[in-house]
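Inside the fold
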Amino acid sequence: AMSQYLVLTAMGSDRTGCVSELTKLASECGCNIFDSRMAIFGQEFTFIMLLNGDNRAINKIEVRLPMVAHKLELITMMKRTSGHKSYDLVEHYQADYTGTDQPGILKAMTAFFATRKIDISSLRSDINPQTKNMSASISIAVTQKISINEIENDFLQLCEQFGVQGCIKEAPHNFI
């Protein structure tokens with residue numbers, strides 16, 4: 001049978017109970033957890049899973065999730081997707097910047113890569129509320145047609161405009 005993929009996002013307050021209940025639900029329905037991420041924002045946690053399984057398994061979790069979510073007081077979302085295409089000729093880099101937070105900086109940074117058709121595979125940013133000091137890491141995937149030196153020069157110019165320190169470095173190889 002064809003393998004189907006489902007992205008499942010859950011948000012709630014009780015993280016320990018919820019993560020184990022959701023992983024239990026996935027295995028009861030016959031789904032594999034292909035990939036997952038978790039993050040805490042304020043008092044809420046978010047849990048994102050990429051599940052795969054045959055059509056029956058994916059149908060089953062789609063039907064059962066709403067009841068489980070209701071019981072756990074979770075907000076959930078599901079979307080079917082296709083398997084991740086892996087391109088051979090891709091190099092992974094990490095663009096980092098640190099400095100004083102300013103309105104619009106994150107928007108400018110993500111737009112910088114989007115306009116160059118560069119995929120952002122993950123984005124992490126932290127702000128210290130006391131010092132307003134901010135640091136961010138953007139993981140990018142670059143096809144070999146694109147010159148990373150050119151990108152880096154433009155990126156550093158953008159950092160200069162915002163008065164932050166920036167750099168682009170090669171990402172470690174165990175990168176997903």
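What comes next is a walk through the structure.

Conventions adopted
- Residues numbered from 1 in each chain as written.
- Predicted model: local features only at pLDDT ≥ 70, side-chain atom pairs only at ≥ 80, totals over all residues.
- Heavy atoms only, no water.
- Phe/Tyr/Trp six-rings, centres within 6.5 Å; stacked < 30°, edge-to-face > 60°.
- Helix = DSSP H or I, 4+ residues; strand = E, 2+ residues; numbered from the N terminus.
- Buried < 20%, exposed > 50% of the residue type's maximum accessible area, 1.4 Å probe, protein only.
- Lys NZ or Arg CZ within 6 Å of the ring centre and 35° of its normal.
- Disulfide = S-S within 2.5 Å.

Focus on the packing of aromatic side chains
This structure, assessed with the given rule, holds four aromatic pairs. Centroid distance Phe113 to Phe155: 5.9 Å. Interplanar angle 35°. Geometry classified as tilted. On the criterion of sequence distance, the pair formed by Phe113 in helix H3 (residues 105-115) and Phe155 in helix H4 (residues 148-162) is long-range, its members being 42 residues apart. In this pair, the class of Phe113 matches that of Phe155, namely buried. Feature note: the residues Phe112, Phe113 and Phe155 constitute an aromatic cluster, connected by ring pairs. If you follow Arg116 out to its NZ or CZ, it ends over the ring of Phe112, 3.8 Å from the centre.

Quick notes on the state of the cysteines
All chains considered together, the criterion is met by zero disulfides. The closest cysteine sulfur to the non-disulfide-bonded Cys159 is located on Cys167, 8.5 Å from its own sulfur. By relative accessible area, Cys159 is classed as buried at 1%. Overall, the relative accessible area of 30% leaves Cys167 in the partly exposed class.

The values are spatial; any link to function lies outside them.
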